[in-house]
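Each chain, written out:
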Amino acid sequence: MITWGFPVCIDLWLAGMAAGAYLAAFLAERFGKHTDHRLLHTALYIGIPSAMVGVIFLLADLSHPLRFWHLFVSVNFTSPMSVGSWLLVLWTTISMLIIFLWHMRNRIPIKQVILKRIMNYLYTAGFFVSVLLMSYTGVLLAASNQPLWASTVLLPPLFVTSAISTGAAVLIFVGMVSRMWKIYGETFRRMVQVVAVVIVIELVVLLVYFFWLSRSGIPGAYESMRQLITGELAAPFWLGVVLMAILLPFALYIANWGKKVGEHRLVVASSIASSACVILGGLVLRAVIIFGGQI
Amino acid sequence: MGLTRKDFFLSSAGLCAAAGGLARNDFVSTALAKPLNGTRMALLYDSSKCIGCRMCEEGCIKKNNQPRERELGQLSKTAWTAIKSTPNSKGKKLFLKQQCMHCTDASCVAVCPTKAAAHHGEYVVIDQEWCIGCGYCEEACPFGVPHRGEPPDTSQKCTFCIKDIESGSIPACAEACPIGATTFGVRSELLTTAENKVQNLAKLGWPKAQLYGVNELSGLGVMYILLEPPAFYGLPEQPRQATKNVLTQWITGSLTAAVLMLPFWFLYKHKSDKDKQLVKFKEGTK
């Protein structure tokens, strides 16, 4: 019986992507020693609406959507849904505060040094909340009694890997379409390489997850896995996840590995196409896992 | 406006301390509350006695004003107890009374995001005014007990007739059973009776007869005397609380993110982006 349907798939996909984009932008700026935070703010402009739309889908899936506020008068720390709801609120609040402070930085009567420090704390807090938000998308399903979700501890790693690949891919997508690459050419070239590496790791995590499921000996785990590989969900799994989310973008990324983004139009077009594949593939991955766990 | 290492570690330490403090609260909450009347009560269902008359279902329907349309042998949002019949290898029909097991380590209580599902004494009850109908208890219950109908609806399941118990009566199913296959009483006393019964059943040609629910999930509020192994009836051999590994799962998720920082570090550390074009924070400020 299907208890959780497409709205939950979309919520987990969007929340993961929003947090993944934040994490990718934060790390690219941190390790790349960027100081203007423009990439991070772009991630927030993508992430905040995504997270909000995700929440709308989550609420739409409730039998009593108007009672949603019951979620926010207490916290059940053992419930990933309760913790996740608070994380979504926290993440959105931090993100909006960053954007607000950034735009108001010249109008707020605070010394610039103090403002910078406050924003640095917010950036770091946002990073940690992003990590937890990505984990939440996997833990929500793993804390259940559905064999496909709960038989291993690898579902959170799989969803975190997918969140980072889709998050970085959406940054590349927006960066290419908005021609931001003209200023941040090298940053995006590296981001493309990061995604190529992350989707390979995603494939490895997926293989280990399946191997673990097949050996877990938990009743129903192997049968659920077979639904994905050879059963009802085989077509979306092989075409949407393996081909669209992993193999095709990996091939495109590798084909342009060393090339500068502005070198050829094809590089930009191929980066847009491969990123779109990763983003949509992330949705298909969540859909096959969520439906596969309930068939 | 670069993020200094000191800022990073200070923020990290603060967040970890906060998370640690919150987590401490956490795993105490699922502990069983004190028994309602001082002594832990329970139901004992003896499948060797059950004749499948479904009077327990009838009693439940009447007590809770439920409609009679239901699929035989299946729990649903209106069928809070249901007799399931499974033929054994000799063709004999063996019965099992399905219902909420009122677990000590109840998955529904652990995962409920609003605490609508909670222990009241030793009984697990879903507050119908507080449930948001998210369906998490349905995904988490190892026995597949809670059910919802079409929205707007809340998760429904057996309440153990808690109002009757509070007023000194017994659950409707136990009251309705004509041959005493379902009995309500002090758990420790029921346990002694059940253990003796299982020993007798072994002598009477049911070598696989066993007691279910004594230690499962730290002790169930509904115990079964089974003639065959639990799997025969579709019961989980080793039911587990859905949130048993939840901390490990949060950790594996977060560790994965930590590991995936490496590609960023490796690919960005020697980045030679011509950052002259970048608009710096300072330049943006007047």
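Residues numbered from 1 in each chain as written. Chains lettered and ligands numbered in written order. Predicted model: local features only at pLDDT ≥ 70, side-chain atom pairs only at ≥ 80, totals over all residues. Heavy atoms only, no water.

1. Some thoughts on the interface of chain B and chain A
Counting from both sides, the interface comprises 78 residues of chain B and, opposite them, 86 residues of chain A. Buried area between chain B and chain A, both sides added, is near 7400 Å², and the carbon and sulfur share of it is 63%. Taken together, the connections running from chain B to chain A amount to 0 salt bridges. Mapped by element, the contributors of at least two residues to the side of chain B that touches chain A are helix H1 (5–26), helix H3 (107–111), helix H4 (136–140), helix H8 (246–259), helix H9 (261–268) and helix H10 (281–284) of chain B. The element contributing the most residues to the side of chain B that touches chain A is H1 of chain B, with 10 residues. (Contact = heavy atoms within 4.5 Å. Buried area = accessible area lost by both parts, 1.4 Å probe. Salt bridge = Lys/Arg side-chain N within 4 Å of Asp/Glu carboxyl O. Helix = DSSP H or I, 4+ residues; strand = E, 2+ residues; numbered from the N terminus.)

2. Some words on the pattern of salt bridges
Scanning all chains against the criterion turns up 8 salt bridges over all chains. Ionic pairing is found between Glu57 of chain B and Arg54 of chain B, a salt bridge with its closest N-O pair at 3.1 Å. Its relative accessible area of 6% is what places Glu57 of chain B among the buried residues. Connected via shared salt-bridge partners are Glu186, Arg189 and Arg190 of chain A. (Buried < 20%, exposed > 50% of the residue type's maximum accessible area, 1.4 Å probe, protein only.)

3. Digging into the side chain of Arg67 of chain A
Structurally, Arg67 of chain A can be placed in the loop between helix H2 (38–60) and helix H3 (80–103). An unpaired buried charge is present at Arg67 of chain A: no salt bridge exists, and Glu129 of chain B, the closest side chain of opposite charge, is 4.4 Å distant. Within polar-contact distance, the side chain of Arg67 of chain A engages the backbone oxygen of Cys131 of chain B at 2.6 Å. (Lys, Arg positive; Asp, Glu negative; His and termini not counted. Polar contact = N/O pair within 3.5 Å; in protein donor to acceptor, adjacent residues only side chain to side chain.)

4. Observations concerning the packing of aromatic side chains
Residue and element names in this part refer to chain A. Enumeration according to the criterion identifies 18 aromatic pairs over all chains in this entry. Aromatic rings pair up to connect Tyr22, Phe26, Trp91, Phe127 and Phe128 into one cluster. A cation over an aromatic ring shows up here: Arg105 above the ring of Trp102, its NZ or CZ 3.9 Å from the ring centre. Across the ring face of Phe159, the terminal group of Arg286 is positioned such that the distance to the ring centre comes to 5.0 Å. (Phe/Tyr/Trp six-rings, centres within 6.5 Å; stacked < 30°, edge-to-face > 60°. Lys NZ or Arg CZ within 6 Å of the ring centre and 35° of its normal.)

5. Observations regarding the confidence of the model for chain B
Residue and element names in this part refer to chain B. Of the residues in chain B, 83% have a pLDDT of 70 or more, and the chain-wide mean is 86. In this model, residues 20–31 is a region of pLDDT below 50 whose contacts with residues beyond four sequence positions or in other chains number 14 contacts. Confidence drops under a pLDDT of 50 for residues 275–286, and excluding neighbours within four residues, the segment shows 28 contacts in the predicted structure. If you check the scores for this complex, the pTM reads 0.90 and the ipTM reads 0.94. (pLDDT = per-residue confidence, 0-100.)

6. Points about the environment of Met180 of chain A
All names here are of chain A. Here Met180 lies in the loop between helix H6 (155–177) and helix H7 (185–215). The exposure class assigned to Met180 is buried, which follows from its relative accessible area of 12%. For the pair Met180 and Val197, spaced 17 residues apart in sequence, the C-alpha to C-alpha distance is 23 Å. For Met180, the contacting residues outside a window of four places in its chain are Arg38, Leu39, Thr42, Gly175 and Phe188.

7. Comments concerning the packing of H6 of chain A against helix H10 (residues 265–292) of chain A
All names here are of chain A. Interaxial distance between H6 and H10 falls to 8 Å at its minimum, and their mutual angle equals 150°. Between H6 and H10, the angle is such that the two are roughly antiparallel. In the crossing of H6 with H10, the sense of the turn from one axis to the other is left-handed. For the contact of H6 with H10, the class distribution of residues is 17 nonpolar, 6 polar and 1 charged. (Axes fitted to C-alpha atoms, helices over the stretch in contact; angles between N-to-C directions. Parallel < 35°, antiparallel > 145°, perpendicular 65-115°, else oblique. Left-handed = near helix turned anticlockwise from the far one by under 90°. Nonpolar A, V, L, I, M, F, W, Y, C, P; charged D, E, K, R; others polar.)

8. Focus on a nonpolar patch on the surface
Together, Ile110, Val113, Ile114 and Ile118 of chain A make up an exposed nonpolar region whose accessible area comes to about 330 Å². With respect to the element layout, Val113 of chain A can be found in helix H4 (residues 112–142). (Patch = residues over 30% accessible without salt bridge, like charges linked within 9 Å, V, L, I, M, F, W, Y side chains within 5 Å. Areas by Shrake-Rupley, 256 points an atom, 1.4 Å probe, with all protein chains shown as cover.)

9. What to know about the environment of Tyr222 of chain A
Residue and element names in this part refer to chain A. Within the secondary structure layout, Tyr222 lies in helix H8 (residues 221–229). Note on Tyr222: relative accessible area 40%, which makes it partly exposed. Along the primary structure Tyr222 and Leu122 are separated by 100 residues, whereas in three dimensions their C-alpha atoms are 44 Å apart. Among all residues touching Tyr222, those that are not within four sequence positions of it are Leu213 and Ser214.

10. Focus on the sheet that holds strand S1 (residues 41–46) of chain B
All names here are of chain B. If you trace the 4 strands from one edge of the open sheet to the other, you get S6-S1-S8-S7, paired in mixed fashion. The two strands at the open ends of the sheet, each matched to only one other strand, are strand S6 (182–186) and strand S7 (210–212). For this sheet the average axis-to-axis angle between neighbouring strands, irrespective of direction, equals 25°. Direction of pairing for S1 relative to S6: antiparallel, over a ladder of 5 bridges. Within S6, the position partnered with Tyr45 by the bridge is Thr182. In this fold helix H7 (residues 187–203) packs onto S1, S6, S7 and strand S8 (222–226), with an angle of close to 135° to the strand it touches most, S6. (Pairing = 2+ DSSP bridges.)

11. Observations regarding the pairing of strand S4 (residues 117–120) of chain B
Residue and element names in this part refer to chain B. Looking at chain direction, S4 and strand S5 (residues 123–126) are connected through 4 bridges and run antiparallel. Bridge pairing in S5 places Ala117 opposite Ile126. What sits between the antiparallel neighbours S4 and S5 is a turn of 2 residues, in which Gly121 has the positive phi angle 65°.

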